[in-house]
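A closer look at the structure
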Amino acid sequence: MSASDTVTPVLTIDGPGGAGKGTISGLLAERLGWHLLDSGALYRLTAYAAGKHDVVLDDEAGLAHVAANLDVAFPVADGAVQTLLEGEDVSRAIRTEQAGERASKVAALPAVRDALLKRQRDFEQSPGLVADGRDMGTVVFPGAGLKVFLTASAEERARRRHAQLQQAGVDANLSSLLKEIQARDARDTQRSVAPLKPADDAITLDTTRLSIPEVVEQLTEWLSLRGMASGA
């Protein structure tokens, strides 16, 4: 399995926004029958749960308690990932602009970050885990049996995001999206805490010219070669 002989197989999928992490992770988790961790949703979920339980955003200890005890799951059906908080589907509710603003305030609190690190590791349960994020292989699951860093050109990621927004009926400017992605890449790779980068033992896969099924098949093959998913 992993270098640390972890009993539960763990696949980490890190990479920049628009590389296909969420889609690929959901499809793989469904195919394998494994648990899924959408780490990017956790700060939004913490802020949302705090609102439900009347915890104010400047109560760091209260927020850390909420984070440590998040009742959250990410079930997948027909390739679509749901976000359940205390059994309620909050997939749309946590993606509003207001939810994003609240999440950014929560993410700045060290006690919340520490609590969420432990909460993320709690997802490592049988029969296996697909962990999607930006520091899954470097920080959260350093002993994972397979670490993959998905990437794609900034232009391709902007094109995908543009198509996604158009499909959702949202007007968007492709040039502006590209600039936003390039700016976020610069911030993520240059930040001092958990910068966006492949783990030393990760396999980097450029998805620019690959279809979703091709990426899923490639990762499934790598899992099988490592004896992590014999039934895949």
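Definitions and cut-offs
- Position labels on residues start from 1 in each chain and follow its written sequence.
- Local features are withheld for residues below a pLDDT of 70 in this predicted model, meaning they are given only at 70 or higher, and side-chain atom pairs are given and counted only at 80 or more; totals for whole chains, interfaces and linings count all residues.
- Each side-chain value is derived from all of the structure's non-hydrogen atoms; neither hydrogens nor water enter the calculation.
- On a range of 0 to 100, pLDDT expresses the predictor's confidence in each residue.
- Numbering of helices and strands runs from the N terminus; a helix is a DSSP stretch of H or I covering at least four residues, while a strand is a stretch of E covering at least two.
- Every residue pair with non-hydrogen atoms within 4.5 Å of one another is taken to be in contact.
- Note on exposure labels: buried denotes an accessible area under 20% of the residue type's maximum, exposed denotes more than 50%, and partly exposed covers the range between, all computed with a 1.4 Å probe on protein chains only.
- Between Lys or Arg on one side and Asp or Glu on the other, a salt bridge is scored when a side-chain nitrogen of the former is within 4 Å of a carboxyl oxygen of the latter.
- Pairs of strands are assigned from DSSP output, requiring at least two bridges between the strands.
- Here the axes come from fitting lines to C-alpha atoms, over the contacting stretch only for helices, and the angles between their N-to-C directions go from 0 to 180 degrees.
- Helix span is expected to be 1.5 Å times the residue number reduced by one.
- Summarising the geometry, the arc corresponds to the directions from the helix axis toward the C-beta atoms.
- Any pair of N or O atoms that falls within 3.5 Å is considered a polar contact. Within protein, one atom must be able to donate a hydrogen and the other to accept it, and sequence-neighbouring residues count only if both atoms are side-chain atoms.

1. Quick word on the confidence of the model for the protein chain
Any residue range with low pLDDT should be treated as having predicted coordinates unsuitable for detailed reading. The predicted model of the protein chain averages 91 in pLDDT, with 96% of residues at 70 or higher. Mean pLDDT per element in the protein chain: helix H4 (residues 97-107) is the minimum at 86, and strand S9 (residues 146-151) is the maximum at 98. Segment residues 1-6: pLDDT under 50, and 12 contacts once partners within four positions in sequence are set aside and those in other chains are kept.

2. Thoughts on unusual backbone geometry
Residue Ser126 is joined to Pro127 through a cis peptide bond whose omega torsion reads 5°. Checked against the element boundaries, Pro127 lands in the loop between helix H5 (110-121) and strand S8 (129-133). Phi is positive for Asp78, which is not a glycine, with a value near 55°. Checked against the element boundaries, Asp78 lands in the loop between strand S4 (76-77) and strand S5 (80-81). Classification of Asp78 as exposed rests on a relative accessible area of 77%.

3. Examining the side chain of Ser25
Structurally, Ser25 is set in helix H1 (residues 21-32). Judged by relative accessible area, which is 0%, Ser25 ranks as buried. Not counting residues up to four positions away in its chain, the partners in contact with Ser25 are Ile13, Leu36, Val130 and Asp132.

4. Overview of the pattern of salt bridges
A side chain of one charge can pair with a side chain of the opposite charge when the charged atoms of the two come close. Across all of its chains, the model carries 11 salt bridges by this definition. Across the salt bridge formed by Lys118 and Asp122, the nearest N and O atoms sit 3.8 Å from each other. On the basis of relative accessible area, Lys118 is assigned to the exposed category, the value being 55%. Taking the shortest distance from any N to any O, the salt bridge between Glu156 and Arg159 comes out at 2.7 Å.

5. Some words on the environment of Ala50
Among the secondary structure elements, Ala50 is positioned in helix H2 (residues 42-52). When the C-alpha atoms of Ala50 and Ala67 are compared, they prove to be 8.7 Å apart, with 17 residues separating the residues in sequence. Once residues within four sequence positions are removed from consideration, Ala50 is found in contact with Val55, Leu63 and Val66.

6. Details of the sheet that holds strand S2 (residues 35-38)
Two strands in a sheet stick together by hydrogen bonds in their backbones, pointing the same way (parallel) or opposite ways (antiparallel). The sheet built from 5 strands is open, its strands ordered S2-S8-S1-S9-S10 with parallel pairing. Two strands lie at the open edges of the sheet, namely S2 and strand S10 (203-206), each paired on one side alone. Put simply, the sheet's adjacent strands are angled 20° from each other on average, direction ignored. Both S9 and S10 contribute to a ladder of 4 bridges, which runs parallel. Note on S10: the bridge partner recorded for Leu150 is Leu205.

7. With respect to the sheet that holds strand S7 (residues 88-89)
Here 3 strands make up an open sheet; going across it, the order is S3-S6-S7 and the pairing antiparallel. With partners counted over all chains shown, the strands left at the sheet margins are strand S3 (72-73) and S7, one partner each. Pairing of strand S6 (residues 84-85) with S7, which is carried by 2 bridges, proceeds in the antiparallel orientation. In the sheet register, Leu84 faces S7, and the bridge partner there is Asp89.

8. Observations concerning helix H8 (residues 174-190)
Because an α-helix completes one turn every 3.6 residues, residues spaced three or four positions apart along the sequence face the same direction. End to end, H8 covers 24 Å across 17 residues, agreeing with the expected 24 Å (1.5 Å per residue, within 8%). Every buried residue belonging to H8 is among Leu177, Ile181, Asp185 and Asp188, and all of these are buried. Projected down its long axis, H8 carries its buried residues within an arc of 75°, all on one side. Exposed residues lying more than 90 degrees from the buried face of H8 are Lys179, Arg187 and Gln190. Tucked inside the fold, the buried residues of H8 contact helix H7 (154-167). Capping of H8 at its N-terminal end is provided by Asn173; its side-chain oxygen lies 3.0 Å from the backbone amide nitrogen of Ser175.

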